[in-house]
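Structural overview
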Amino acid sequence: MPKLRIIFMGTPEFAVSSLDILVENGYEVVAVITAPDKPAGRGQKIHESDVKKAALKHGLPILQPTNLKDEKFLEKLKSYDANLQIVVAFRMLPEVVWQMPEIGTFNLHASLLPNYRGAAPINWAIINGEKKTGVTTFFLQHKIDTGDILFQEEEEISDNDNVGTLYERLKNKGAKLVLKTVKAIEQDNYSLKKQDLEEKTPHAPKIFTEDTFINFENESEKIINFVRGLTPYPAARMRIYDNVYKVFDIEIADCEEVNELLIGEPLTDQKSYLYVKTLDGYVKINQLQPQGKRRMTTEEFLRGNKI
């Protein structure tokens with residue numbers, strides 16, 4: 001096996017741990033591909049991706065193409081003479097890119113494939129009430145997230161997990177799996193497992209704002225999983241009368257049934273608690289964020305606002 005020359009592709013913080021672990025273990029990362037800089041925030045200041053910041057720290061060459069099929073980009077990519085490409089939380093690659101290196105291009109995905117193919121696997125695993133998920137490395141093929149599996153590691157999901165806590169553990173577990181995968185490729189000591197593409201498995205499509213509104217006609221436990229699966233980002237939302245609130249912390253409420261309330265209606269003393277009626281009882285809202293304001297506890301909110 002020739003010495004590995006690696007091109008690393010990624011954009012958000014989730015990918016940084018994987019890049020760091022490769023550099024720290026002495027692997028030759030000949031270039032990093034990441035998203036172009038773009039204005040962000042209220043001041044529209046130019047924002048560099050987390051992976052770009054990490055690449056600058058390590059002194060690595062950086063490419064930020066807007067078009068992955070651009071001839072000049074492809075020529076530059078080829079000039080690095082990489083024999084392995086690694087993708088962690090990047091965009092979909094055209095075939096001309098992922099087929100370029102001799103060994104191939106492998107991807108780190110935050111689920112136990114073939115479960116939860118798609119853009120939001122961590123969110124959907126929690127939303128669907130899963131008790132277990134994990135990370136997978138696999139070689140890229142034509143259809144997204146369908147390539148032959150290299151390695152997998154499982155991770156338990158606790159009842160207290162939300163996307164933020166699970167994201168951190170999978171980020172670190174994923175970095176270790178990337179290192180394990182690279183070592184196995186370097187030693188030519190791995191076998192491939194085909195995914196069962198015929199099996200009906202849960203998917204993980206991208207989540208848009210309109211998908212984040214709580215349906216109080218569901219059971220309370222399902223609503224709680226939904227909120228956990230969107231916390232802290234992109235955040236679940238609820239409508240109460242004419243107002244929209246983001247919801248971050250929620251639990252099953254222990255309160256007596258109020259017969260005249262309809263599903264989705266609030267119950268509050270205007271001081272310390274806010275319950276919302278569900279299909280099978282009530283949920284208690286512990287943290288929320290009104291539009292244009294900061295995140296706060298329900299008690300803080302009720303001091304200055306009325307439902």
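Our structure's up above, just so we're on the same page.
What counts, and at which threshold
- Residues numbered from 1 in each chain as written.
- Predicted model: local features only at pLDDT ≥ 70, side-chain atom pairs only at ≥ 80, totals over all residues.
- Heavy atoms only, no water.
- Helix = DSSP H or I, 4+ residues; strand = E, 2+ residues; numbered from the N terminus.
- Buried < 20%, exposed > 50% of the residue type's maximum accessible area, 1.4 Å probe, protein only.
- Contact = heavy atoms within 4.5 Å.
- Areas by Shrake-Rupley, 256 points an atom, 1.4 Å probe, with all protein chains shown as cover.
- Pairing = 2+ DSSP bridges.
- Phe/Tyr/Trp six-rings, centres within 6.5 Å; stacked < 30°, edge-to-face > 60°.
- Lys NZ or Arg CZ within 6 Å of the ring centre and 35° of its normal.
- Arc of directions from axis to C-beta.
- Axes fitted to C-alpha atoms, helices over the stretch in contact; angles between N-to-C directions.
- Left-handed = near helix turned anticlockwise from the far one by under 90°.
- Nonpolar A, V, L, I, M, F, W, Y, C, P; charged D, E, K, R; others polar.
- Core = buried A, V, L, I, M, F, W, Y, C linked by side-chain atoms within 4.5 Å.

Side note on the overall build of the chain
Within the chain one finds eight helices and 15 strands. Expressed along its principal axes, the backbone C-alpha trace of the chain runs to roughly 75 × 45 × 30 Å. Taken over 307 residues, the chain has a buried fraction of 49%. Contacts spanning at least 24 positions in sequence make up 64% of the contacts within the chain whose residues lie at least 6 apart. With an accessible surface of roughly 16100 Å², the chain has 47% of that area assigned to carbon and sulfur atoms.

Examining unusual backbone geometry
Here the bond from Leu 113 into Pro 114 is cis, since omega is 15 degrees, no more than 30 degrees from zero. For the peptide bond that leads from Thr 231 to Pro 232, omega is 5 degrees, which places it in the cis range. Within the secondary structure layout, Pro 232 lies in the loop between helix 7 (220–228) and strand 10 (236–240). Backbone geometry places Asp 145, a non-glycine residue, at a positive phi of 60 degrees. Structurally, Asp 145 can be placed in the loop between strand 8 (132–139) and strand 9 (149–156). A relative accessible area of 7% places Asp 145 in the buried class. The phi angle at Tyr 241 is positive, at roughly 55 degrees, despite the residue not being glycine. Within the element layout of this structure, Tyr 241 appears in the loop between strand 10 and strand 11 (243–252). Since its relative accessible area comes to 56%, Tyr 241 is described here as exposed.

Focus: the pairing of strand 10
Taken residue by residue, a regular strand's side chains alternate between the two faces of the sheet. The buried count for strand 10 comes to four of five residues, which makes it a mostly enclosed element. The sheet contact formed by strand 10 and strand 11 spans five bridges and is antiparallel. By the bridge assignment, Arg 237 is partnered in strand 11 with Lys 246. The turn joining strand 10 and strand 11, which pair antiparallel and follow one another in sequence, is formed by two residues; a positive phi near 55 degrees is taken by Tyr 241.

Digging into the packing of aromatic side chains
What the rule picks out here adds up to four aromatic pairs. Both rings, one in Phe 139 and one in Tyr 190, keep their centres 6.3 Å apart while their planes meet at 55 degrees; by these two values the pair is tilted. Here Phe 139 is found in strand 8, whereas its partner Tyr 190 is found in the loop between helix 6 (163–186) and helix 7, with 51 residues between them in sequence. With a relative accessible area of 28%, Tyr 190 lands in the partly exposed category. Aromatic side chains Tyr 245 and Phe 301 sit 5.5 Å apart centroid to centroid with 80 degrees between the ring planes, which places their arrangement in the edge-to-face category. Taken together, the residues span a long stretch of sequence, with Tyr 245 in strand 11 and Phe 301 in helix 8 (residues 298–304) at a distance of 56 residues. Both residues of the pair, Tyr 245 and Phe 301, belong to the buried class. It is Arg 295 that lies over the ring of Phe 248; its NZ or CZ is 4.0 Å from the centre.

A few points about helix 2 (residues 50–58)
Along helix 2, the positions that sit buried rather than exposed are Val 51, Lys 52, Ala 54 and Ala 55. For helix 2, the arc enclosing every buried residue in end-on projection is 160 degrees, short of the 170-degree limit, so these residues lie on one face. Those residues of helix 2 that are buried lie in contact with strand 1 (6–10), helix 1 (13–24), strand 2 (29–33) and strand 5 (62–63). Of the residues trailing helix 2, Gly 59 is marked for its positive phi of about 70 degrees.

Section: the packing of helix 1 against helix 6
Orientation of helix 1 relative to helix 6, taken along the N-to-C sense of each, is 35 degrees, at an axis distance of 8 Å. Handedness of the helix 1/helix 6 crossing: right-handed. From helix 1, Glu 13, Phe 14, Ser 17, Ser 18, Ile 21 and Leu 22 reach across to helix 6, where they touch Tyr 167, Glu 168, Leu 170, Lys 171, Asn 172, Gly 174, Ala 175, Lys 176, Val 178, Leu 179 and Val 182. By residue class, the composition of the contact of helix 1 with helix 6 is nine nonpolar, four polar and four charged.

Quick notes on the nonpolar core
Membership of the largest hydrophobic core comes to 43 residues, with the highest contact counts inside it found for Phe 8, Leu 19, Leu 22, Leu 84, Ile 86, Phe 106 and Val 182. Counting residues per element, this core draws most heavily on helix 6, at ten residues. If near-sequence neighbours (up to four positions away) are discounted, Phe 8 is found in contact with Ala 15, Ser 18, Leu 19, Leu 22, Val 29, Ala 31, Val 32, Ile 33, Val 51, Ile 86 and Val 88. Ranked by size, the runner-up nonpolar core spans 24 residues in total, among them Ala 120, Ile 214, Leu 230 and Ile 285.

Read these as spatial facts, not as claims about activity.
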